[in-house]
Number of protein chains: 2
Amino acid sequence: MKKLINDPDQVVAEALEGFEMAYGGRVHVNHDPAFVARKDAPVQGKVAIVSGGGSGHEPMHPGYVGPGMLDAAVPGQMFTSPTPDQVEAATKAGAADKGVLHLVKNYTGDVANFEMAAELAEAEGIEVRSVVIDDDVAVKDSLFTAGRRGVGGTVLIEKIVGACADRGDDLEAVTNLAATLNGRVRSMGMALTPCTVPSAGEPTFELADNEMEIGIGIHGEPGRERLPLESADQIAERLLNPILEDLPFRSGDEVLLFVNGMGGTPMIELLVVYRAACRLLSEHGITVQRDLVGNYITALEMAGCSITLLKLDEDTKWLWDAPVDTPGLSWGAWEPPNLPWTPQWQVNTSRRTLPWTAT
Amino acid sequence: MKKLINDPDQVVAEALEGFEMAYGGRVHVNHDPAFVARKDAPVQGKVAIVSGGGSGHEPMHPGYVGPGMLDAAVPGQMFTSPTPDQVEAATKAGAADKGVLHLVKNYTGDVANFEMAAELAEAEGIEVRSVVIDDDVAVKDSLFTAGRRGVGGTVLIEKIVGACADRGDDLEAVTNLAATLNGRVRSMGMALTPCTVPSAGEPTFELADNEMEIGIGIHGEPGRERLPLESADQIAERLLNPILEDLPFRSGDEVLLFVNGMGGTPMIELLVVYRAACRLLSEHGITVQRDLVGNYITALEMAGCSITLLKLDEDTKWLWDAPVDTPGLSWGAWEPPNLPWTPQWQVNTSRRTLPWTAT
């Protein structure tokens, strides 16, 4: 096991200390129980958005705390659900006067522990709603999961729902948007290499030199099939086709295309996959109106990628374009606003339109 | 060789197409000769900042084109200097009415080809200055290099000099700032694993399962020594001590600490290294006032990291905090300005101050 760590059992705690040293000017870090909250939490006049899950997927979730995205996030131990008391503490830290929405990836432990935390918080008078994210089309059930897994769609939903909360929508509206988005987003991933949980010291699975795993989970859970390595174009097709069929996505749809790296894949390869995915979508008459390319929901040092597709409408595009200021996702404001509400910030929606697919 | 690619010889060209599909709404991509320029280039009233180098270090350099950073960037073939005609074309695309500054990493091919391009552009009436960046303290000479190599400091210099050009400083001032910054920045890197250039198909070097290379270059060039794997704390010390001794950095200094991933190292490990570096600097009485943690100058899928330290003054801090809007580095504007000039954007300098090291 070759890793830049000290004690394998202290990686999560030490990384959280490093996170505080790097971003402590922008977020509040609590160590016992471990959670991260907006520096200015609780923020009155807005629904608080709280998420979390096992560590090893950085920048998700602590990296998405800040204006325009999460109010608080809970890092569990490596690939392990956070405990109910962690989630309860984060919920209380985030909660202001408009209630709390939990965004929960669909893994058995996460769902149970967020549910318990919600009950504890409600007993103290905090109104909590919950939306479970299950966007992975690869497998029906899996290790740690009844039903589909929550993967790349989580990043997009956290960004868009975060902006919705920031503009002042109430708890019902924010919850409904999260549920609607979950219905409109689909993902699938693949791996070239496994990853190693430090405390285990051994790879989560084995792949031969010429093999890849299609439909992999973000903890190295088994996917659909193990195949000989193929070209980036072929791999993009293997990931995209099941996504397109599942919703289904149709000609004329406008989408956000998210090509995510699993942690060990360089940006130049993700761009080759992005190109392939764009071309395939173009052949299907689907317009890529927004995009995200990079390492946003990872599986430690796993080499591989996932593709996520989200069906867009006008409101969703505006909320995506809205400024966000978190350690893991950040963009700002350059031109006067043209928005249906009065924002505290300025945004240029045209800046992120993609002319290549629009022409 | 396990990579998400199609033809090994087409990776750079296809990635540039992917880059255009993803970011074409924000930057102009030229394919023959290959360069990337600001969408609104040439921008009158400012010095144009142009950089470039071999591909495989993404997001550097094409990912740093945009308001607040580079006007144009030139991607060479993989780990290969861009050609003079590429650099000349990028220079002409960027040049407006205040001249052009070339920021060149110190590799023999880069220096020669940028020099030739500068001569060609000057023959056409464009005023060009050049600053060569050589911040790597690991070795005196190396493969491809007479003198020290240009590495992580390049990212910081491009950001800060880009902001200086954006505020309207003239060519002499911008050039002097780049040279001054190069004198104040030092870096050193290490590798846990090698990387493979696609067209070569074999790793650039071999490392045993328990070995690491200290002082590695961003093309896998040999470093100072090959040692048994150590803890993150020990590795941070091996990288930081030569940096501190070289300038030298002293107690009371304010610095920007940049912990960079080589491409295959997950964020959680970089945070463990960042923590170690922060603690060591604190022991030396050095204050980390600004920071950057992530994959910003990579060596394909190499696992490893580099540490870069830049001595700060007030103007440098302001320029670092100024908004930047590029595919690879982006932050915005949230609060009213408190700056010694009149910006077109707003910036909150306090947002990036780090209370952990300041208290």
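Within each chain, residues carry numbers counting from 1 in the order of the written sequence. Going through the entries in the order they are written, you letter the chains from A and number the ligands from 1. Per-residue local features are limited, in this predicted model, to residues with pLDDT of at least 70; the limit for side-chain atom pairs, both in listing and counting, is 80 or more; totals at the level of whole chains, interfaces and linings are taken over all residues. Note that the side-chain values use all heavy atoms of the structure and ignore hydrogens as well as water.

**As for the relation of the copies chain A and chain B**
Least-squares fitting of chain A to chain B yields an RMSD of 0.0 Å, with the transformation described by 0.0 Å of translation along the axis and a rotation of 180°. The superposition operator between the copies reduces to a two-fold rotation axis. Every residue pair with non-hydrogen atoms within 4.5 Å of one another is taken to be in contact. With an isologous cut-off of 70% or more, the 99% of interface residues of chain A that recur at the interface of chain B puts this contact in the isologous class. A least-squares fit on C-alpha atoms brings the copies together, and the residues used are those whose pLDDT is at least 70 in both copies.

**Quick notes on the sheet that holds strand 3 (residues 48–55) of chain A**
All names here are of chain A. In spatial order, the strands read 1-2-4-3-5-6; together these six strands make up an open sheet with mixed pairing. Every other strand in the sheet has two partners, leaving strand 1 (27–31) and strand 6 (128–133) as the edge strands with one partner each. For this sheet the average axis-to-axis angle between neighbouring strands, irrespective of direction, equals 20°. A pair of strands is treated as paired once DSSP finds two or more bridges between them. Only DSSP runs of H or I with at least four residues qualify as helices, and only runs of E with at least two residues qualify as strands; both kinds are numbered from the N terminus onward. With five bridges connecting them, strand 3 and strand 4 (residues 72–78) associate as parallel partners. Bridging from a neighbouring strand, serine 51 pairs with alanine 73 of strand 4. Across the sheet, helix 5 (residues 171–184) lies against strand 3, strand 5 (100–105) and strand 6, angled at about 10° from strand 6, the strand it touches most. Axes here mean lines fitted to C-alpha atoms, for a helix over just the part in contact, with angles spanning 0 to 180 degrees between N-to-C directions.

**Digging into the pairing of strand 1 (residues 27–31) of chain B**
Two elements, strand 1 of chain B and strand 2 (residues 34–38) of chain B, share five bridges in a ladder whose sense is antiparallel. Within the sheet, the bridge partner assigned to B:His31 lies in strand 2 of chain B and is B:Ala34.

**So, helix 7 (residues 267–283) of chain A**
Counting along an α-helix, one turn takes 3.6 residues, and residues three or four places apart therefore face a common direction. Residues and elements named next belong to chain A. If you check helix 7, its first and last C-alpha atoms are 24 Å apart, about what 17 residues at 1.5 Å a residue would give, namely 24 Å. Judged by how many residues are buried, helix 7 sits mostly within the fold: 13 of 17 residues are covered. Once helix 7 ends, the next one or two residues include glycine 285, with phi positive near 75°. Each residue after the first adds 1.5 Å to the expected span of a helix. Exposure classes here rest on a 1.4 Å probe applied to the protein chains alone. A residue is buried below 20% of its type maximum, exposed above 50%, and partly exposed in between.

**Digging into the packing of helix 6 (residues 232–246) of chain A against helix 7 of chain A**
All names here are of chain A. It is at 9 Å that the axes of helix 6 and helix 7 come closest, and there the two elements cross at 50°. If you check the angle between helix 6 and helix 7, you find them oblique. The two elements helix 6 and helix 7 cross, and the hand of that crossing is right-handed. Residues Ala232, Asp233, Ala236, Glu237, Leu240 and Leu244 of helix 6 form the contact with helix 7, whose own contacting residues are Val272, Val273, Arg275, Ala276, Ala277, Leu280 and Leu281. The labels follow the angle: roughly parallel below 35 degrees, roughly antiparallel above 145, roughly perpendicular from 65 to 115, and oblique for the rest. Left-handed is the label given to a crossing in which the near helix is rotated counterclockwise from the far helix by less than a right angle, and right-handed is the label when the rotation is clockwise.

**Quick word on the sheet that holds strand 1 of chain B**
Residue and element names in this part refer to chain B. With mixed pairing, six strands are arranged side by side in an open sheet as 1-2-4-3-5-6. Both outer strands of the open sheet, strand 1 and strand 6 (128–133), are each paired with one neighbouring strand and no more. Here the strands of the sheet are splayed against their neighbours by 20° on average, with no regard to which way each runs. Here helix 4 (residues 153–166) sits on the sheet in contact with strand 2, strand 3 (48–55), strand 5 (100–105) and strand 6, set at roughly 175° to strand 5.

**Details of the domain arrangement of chain A**
Residue and element names in this part refer to chain A. The domains assigned to chain A are domain 1 (9–184 + 315–331) and domain 2 (186–313). An automatic or database domain assignment supplies the start and end points of every domain. The gap between the C-alpha centroids of domain 1 and domain 2 is 23 Å. The interface of domain 1 with domain 2 comprises 40 residues on the first partner and 40 residues on the second. Two parts placed together each lose some accessible area under a 1.4 Å probe, and adding up what both lose gives the buried area. When residues of domain 1 are sorted by the area they lose upon contact with domain 2, Phe79, Arg184 and Lys317 head the list and together hold 21% of the total. In what follows, salt bridge is the name for a side-chain nitrogen of Lys or Arg lying within 4 Å of a carboxyl oxygen of Asp or Glu. Remark: the boundary between domain 1 and domain 2 carries four salt bridges. By the criterion applied in these results, polar contacts are pairs of N or O atoms within 3.5 Å in which, for protein atoms, one can donate a hydrogen and the other can accept it, and in which residues neighboring in sequence qualify only through two side-chain atoms. Our count for the contact surface shared by domain 1 and domain 2 stands at 20 residue pairs in polar contact (both at pLDDT 80 or more). Ranked by the residues each element gives to the side of domain 1 that touches domain 2, the list is headed by helix 8 (residues 314–321), at five residues.

**Focus: the interface of chain A and chain B**
On the side of chain B, 70 residues touch chain A, which itself brings 71 residues to the contact. Buried surface at the junction of chain A and chain B, summed over both partners, amounts to about 5,800 Å²; 64% is from carbon and sulfur atoms. At the boundary of chain A with chain B, the tally comes to eight salt bridges. Across the contact surface, chain A and chain B share 19 residue pairs in polar contact (both at pLDDT 80 or more).

**Describing the confidence of the model for chain A**
Detailed conclusions should not be drawn from predicted coordinates in areas where pLDDT is low. Residues and elements named next belong to chain A. Model confidence for chain A is summarised by a mean pLDDT of 91, while 92% of its residues fall at 70 or above. Counting interchain partners and residues more than four positions distant, the pLDDT-below-50 stretch residues 334–359 has 67 contacts. For this predicted complex, the interface confidence score (ipTM) comes to 0.93, while the overall pTM stands at 0.94. For every residue, the predictor assigns a confidence score, pLDDT, that lies between 0 and 100.

**Examining the packing of aromatic side chains**
Any Phe, Tyr or Trp ring, taking Trp's six-membered ring, that has another such ring centre within 6.5 Å forms a pair; planes under 30 degrees apart are called stacked, those over 60 apart edge-to-face, and the others tilted. Taken as a whole, this structure holds six aromatic pairs over all chains when the rule is applied. Both rings, one in B:Phe258 and one in B:Tyr296, keep their centres 6.0 Å apart while their planes meet at 65°; by these two values the pair is edge-to-face. Of the two residues, B:Phe258 sits in strand 10 (residues 254–261) while B:Tyr296 sits in the loop between strand 11 (287–294) and strand 12 (304–311), which places them 38 residues apart along the sequence. In terms of burial, B:Phe258 and B:Tyr296 fall into one category: buried. We call a charge positioned above a ring when the Lys NZ or Arg CZ atom is no farther than 6 Å from the ring centre and deviates by at most 35 degrees from the ring normal. The positively charged end of A:Lys311 is found above the aromatic ring belonging to A:Phe249, 5.6 Å away from the centroid.

**Brief notes about the state of the cysteines**
Pairs of cysteine sulfur atoms within 2.5 Å are identified as disulfides in what follows. Following the criterion strictly, the structure yields zero disulfides over all chains and no others. Considering cysteine sulfurs only, B:Cys305 is the nearest to B:Cys278, which forms no disulfide, with 14 Å between them.

**A short note on the environment of A:Gly54**
As for its placement among the helices and strands, A:Gly54 is situated in strand 3. Of the residues examined, A:Gly54 reaches a relative accessible area of 9% and is grouped as buried.

**Points about the packing of helix 4 of chain B against helix 8 (residues 314–321) of chain B**
Any two packed helices are characterised by how steeply their axes cross, that is the angle between the axes, and by the distance between the axes. All names here are of chain B. Where helix 4 contacts helix 8, the axes come no closer than 8 Å and their chain directions differ by 90°. Taken together, the axes of helix 4 and helix 8 lie roughly perpendicular to each other. On helix 8, the residues touching Leu156, Lys159, Ile160, Ala163 and Cys164 of helix 4 are Thr316, Leu319 and Trp320.

**Considerations on unusual backbone geometry**
Cis geometry is found at the peptide bond from B:Asp32 to B:Pro33, where omega equals 0°. By secondary structure assignment, the location of B:Pro33 is in the loop between strand 1 and strand 2. Note that the residue after B:Met60, namely B:His61, is joined by a cis bond; omega there is -10°. By the secondary structure assignment, B:His61 is in the loop between strand 3 and strand 4 (72–78). The backbone of A:Phe79 shows a phi angle near 55°, a positive value even though the residue is not glycine. Mapped onto the elements, A:Phe79 comes out in the loop between strand 4 and helix 2 (84–94).

**Side note on the pattern of salt bridges**
The final tally for this structure, using the stated rule, is 52 salt bridges over all chains. What emerges from the salt-bridge pattern is a single network uniting A:Arg38, A:Asp40, A:Lys46, A:Asp71 and A:Asp166.

**Looking at helix 8 of chain A**
Residue and element names in this part refer to chain A. Restricting attention to buried positions, one finds in helix 8 the residues Thr316, Lys317, Leu319, Trp320 and Asp321. In the core, the buried residues of helix 8 are packed alongside helix 4 (153–166), helix 5, strand 10 (254–261), strand 11 (287–294), strand 12 (304–311) and strand 14 (330–331). With a side-chain oxygen positioned 3.3 Å from the backbone nitrogen of aspartate 315, the residue opening helix 8 is aspartate 313.

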